[in-house]
Each structure stands twice: as C-alpha cells, then as structure tokens.
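The lines below spell out each chain.
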Amino acid sequence: MALMTFPAPVVGFDLDMTLIDSRPGIRACYQALSARTGTYVDADLAVTRLGPPLTEELANWFPPEEVEEIADLYRSMYPAYAVAATPAMPGAREAIEAVRRAGGRAIVVTAKYEPNAKLHLEHLGIEPDAVIGNLWAEQKAQALREHGATVYVGDHIGDVRGARLAQALSVAVATGPCSVAELTEAGADVVLDDLTRFAQWFADHSDHRDHRDDSDHRSREDYEG
C-alpha cells in the first residue's frame, strides 16, 4: 500500500505587535518626523492603534495633500530610528521554529513597507520563508492564497478579516490594540493571550490534523476495499 503524504503546513504571521513590538521604534520615528516637519504628532497615541496602513495614521496629523509625501519621508527615516529600537515579541522565534519543526513554511504578511519589514526581521535574526509587505486586512488574503497558507496569525481584527477571506484558520494574539473580545467578535477561530502559547497550540493542531487525515485515509481504504 502506498503511503499517503500531506502537504506541509504554511503559516502566515503579521509583523507589528505579532512578531515584533514595534511601539518603541515607531514612537521614536514619529517624534523625529515631528521635529523634521514642525508638525505635532502624538507619538504615544499613534502607537496605541498600530495595524492599519501608515497613511491612515498620518491623515490625523497632516493635510490630505501632504500625506503621501510625508509617508515617503517617514519610510526613509524609519531605518535610522525604528529598527534597532524594536524587540521581538516573546515567543516570536519559537513560533517560527514550531512551524519549521512540523516541516512547514512560515511567511510574514504585513501592512508595513516591505523593505522596512525585512530590515526588522534581519536585525532580529528571524528568518521566515517569505516576506510580503504593503498589504492590509482583506488585501492580505491574496498573498495568503498565493502561498497556500492554511493558518494566519495576527493581532488585529483586520488580520482576522484577511485570514477569513483567504479561508485560512484565524489565530489571533491579544498583544496589539484589539482585545480578546474584539478579536473573538471579529471571527477569530483561536485567540491566544500572546505568542508564547502558539508553539503548543500549533503542535496540538498539527497532531489533530494528522489524526484526522489518517482517519480519512483509513475510511477511504475501508470503502474501497
């Protein structure tokens, strides 16, 4: 009898407030942006609502006709002010390793400007199999589908929406601006307190999937035999 083989899992991860605590770096960059432009930005307030695209936050502080230009300036300043100041979230490396131990691939799908997202991961020594930037909420579904992701992990209700549109299991971590209740109400399939709980959850999930697949295979054999 030929052995059944099942595709290796592909797990997507958000970046800000999921894999990295970007608040210190983003706060520093907003403060530097204020000094450069002479326009006040409440950096402490801005870092409480991370997730949506940069331009949405800048629209709170700059005239509409200036937002795109200021966004380009912010992105150019970002490596000098934000990358070294940003730590990994507890459990981030272990989460990537858990996917690899299962023979899977870990990808990062984020709204952050892709070159800056890659700088964060390189600085922290986190090496996903792919990094796809500049995608927010439902836009993330396209990348998740293209890479065959069956799980997407994020901290924002926008991440939940992207996972559901991609028909991927939505695993939410309550480490960003959205509460457990908000993530649950948005339709997350699983809500974890933080990423330190992901490795055990994923091991249990993988075991369940393997047992289910074995059971399905045996049922097909019984039916055919």
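Here, the structure is the one placed above.
Parameters and conventions
- The residue count restarts for each chain, going from 1 along the sequence in the order it is written.
- Reporting in this predicted model follows two pLDDT cut-offs: at least 70 for local features of residues, and 80 or more for side-chain atom pairs to be given and counted; totals over whole chains, interfaces and linings ignore these cut-offs and use all residues.
- Hydrogen atoms and water are omitted, and side-chain values are computed over all heavy atoms in the structure.
- Think of it this way: any DSSP run of H or I at least four residues long counts as a helix, any run of E at least two long counts as a strand, and we number them from the N terminus.
- Each residue is assigned to one of three classes by its accessible area relative to the maximum for its type, calculated with a 1.4 Å probe on protein chains only: buried under 20%, partly exposed between the two thresholds, exposed over 50%.
- We call two residues in contact when some of their heavy atoms are within 4.5 Å.
- The accessible surface values rely on the Shrake-Rupley method and a 1.4 Å probe; as for residues, cover is taken only from the protein chains in view.
- Each reported salt bridge corresponds to a side-chain nitrogen of Lys or Arg within 4 Å of a carboxyl oxygen of Asp or Glu.
- Two strands make a pair as long as DSSP finds a minimum of two bridges between them.
- Lines fitted to C-alpha atoms define the axes, with helix axes restricted to the stretch in contact, and inter-axis angles between N-to-C directions lie between 0 and 180 degrees.
- Nine residue types can take part in a nonpolar core, namely buried Ala, Val, Leu, Ile, Met, Phe, Trp, Tyr and Cys, and a core is a set of them joined through side-chain atoms within 4.5 Å.
- Directions drawn from the helix axis to the C-beta atoms are what define this arc.
- Here a polar contact is recorded for every N or O atom pair within 3.5 Å, except that within protein the pair must consist of a potential hydrogen donor and a potential acceptor, and residues adjacent in sequence are included only if both atoms are side-chain atoms.

## Focus: the overall build of the protein
- A count of helices and strands for the protein gives ten helices and six strands.
- A buried classification covers 47% of the 225 residues belonging to the protein.
- Taking as baseline every contact in the protein between residues at least 6 positions apart, the subset at least 24 positions apart corresponds to 60%.
- Summed over all atoms, the accessible surface of the protein reaches about 11,100 Å², with 49% contributed by carbon and sulfur.

## Some words on the pattern of salt bridges
- The full count for this structure, using the stated rule, is eleven salt bridges.
- Note that Arg-27 and Asp-44 form a salt bridge whose closest N and O atoms lie 2.8 Å from each other. On the criterion of sequence distance, the pair formed by Arg-27 in helix H1 (residues 23–37) and Asp-44 in helix H2 (residues 43–46) is long-range, its members being 17 residues apart.
- You can call Arg-27 partly exposed: its relative accessible area is 27%.
- Asp-44 sits in the partly exposed class, given a relative accessible area of 47%.
- Between Asp-72 and Arg-75 there is a salt bridge, and its shortest N-O distance comes to 3.3 Å. With Asp-72 and Arg-75 both in helix H4 (residues 67–82) and three residues apart, this pair spans about one turn of that helix.

## Details of the sheet that holds strand S6 (residues 190–192)
- The strand order across the open sheet built from six strands is S3-S2-S1-S4-S5-S6, with neighbouring strands paired in parallel fashion. Unpaired on one side and paired on the other, strand S3 (130–132) and S6 mark the two borders of the sheet. Ignoring which end each strand starts from, the neighbouring axes of this sheet average 20 degrees apart.
- Across four bridges, the pairing between strand S1 (residues 10–13) and strand S2 (residues 105–109) is parallel.

## A short note on the nonpolar core
- Counting 29 residues, the largest nonpolar core has Val-11, Phe-13, Leu-19, Val-153, Leu-195, Phe-198 and Trp-201 as the members making the most contacts within it.
- Sorting elements by how many residues they give to this core places helix H5 (residues 92–101) first, with five residues.
- Beyond its immediate chain neighbours, meaning those up to four positions away, Phe-198 contacts Val-11, Phe-13, Ala-95, Val-99, Val-153 and Leu-192.
- In terms of nonpolar packing, the next biggest core, distinct from the first, is built from 23 residues, Ala-43, Leu-54, Ile-70 and Tyr-78 among them.

## Overview of helix H6 (residues 114–124)
- Inspection of H6 places Asn-116, Ala-117, His-120, Leu-121 and Leu-124 among the buried residues, and these make up the whole buried set. The arc enclosing the buried residues of H6, seen along the axis, measures out at 140 degrees, which places them on a common side.
- Within two residues after H6, Gly-125 carries a phi angle of roughly 70 degrees, on the positive side.

## So, the side chain of Lys-112
- Residue position: Lys-112 is located in the loop between S2 and H6.
- Given the relative accessible area of 11%, Lys-112 is considered buried.
- In terms of polar contacts, Lys-112 uses its side chain to reach the side chain of Tyr-78, at 2.9 Å.
- Setting aside its immediate chain neighbours within four residues, Lys-112 contacts Leu-15, Asp-16, Ile-26, Tyr-78, Ala-117, His-120, Gly-133 and Asn-134.

Everything listed is a geometric property; what it means functionally is a separate question.
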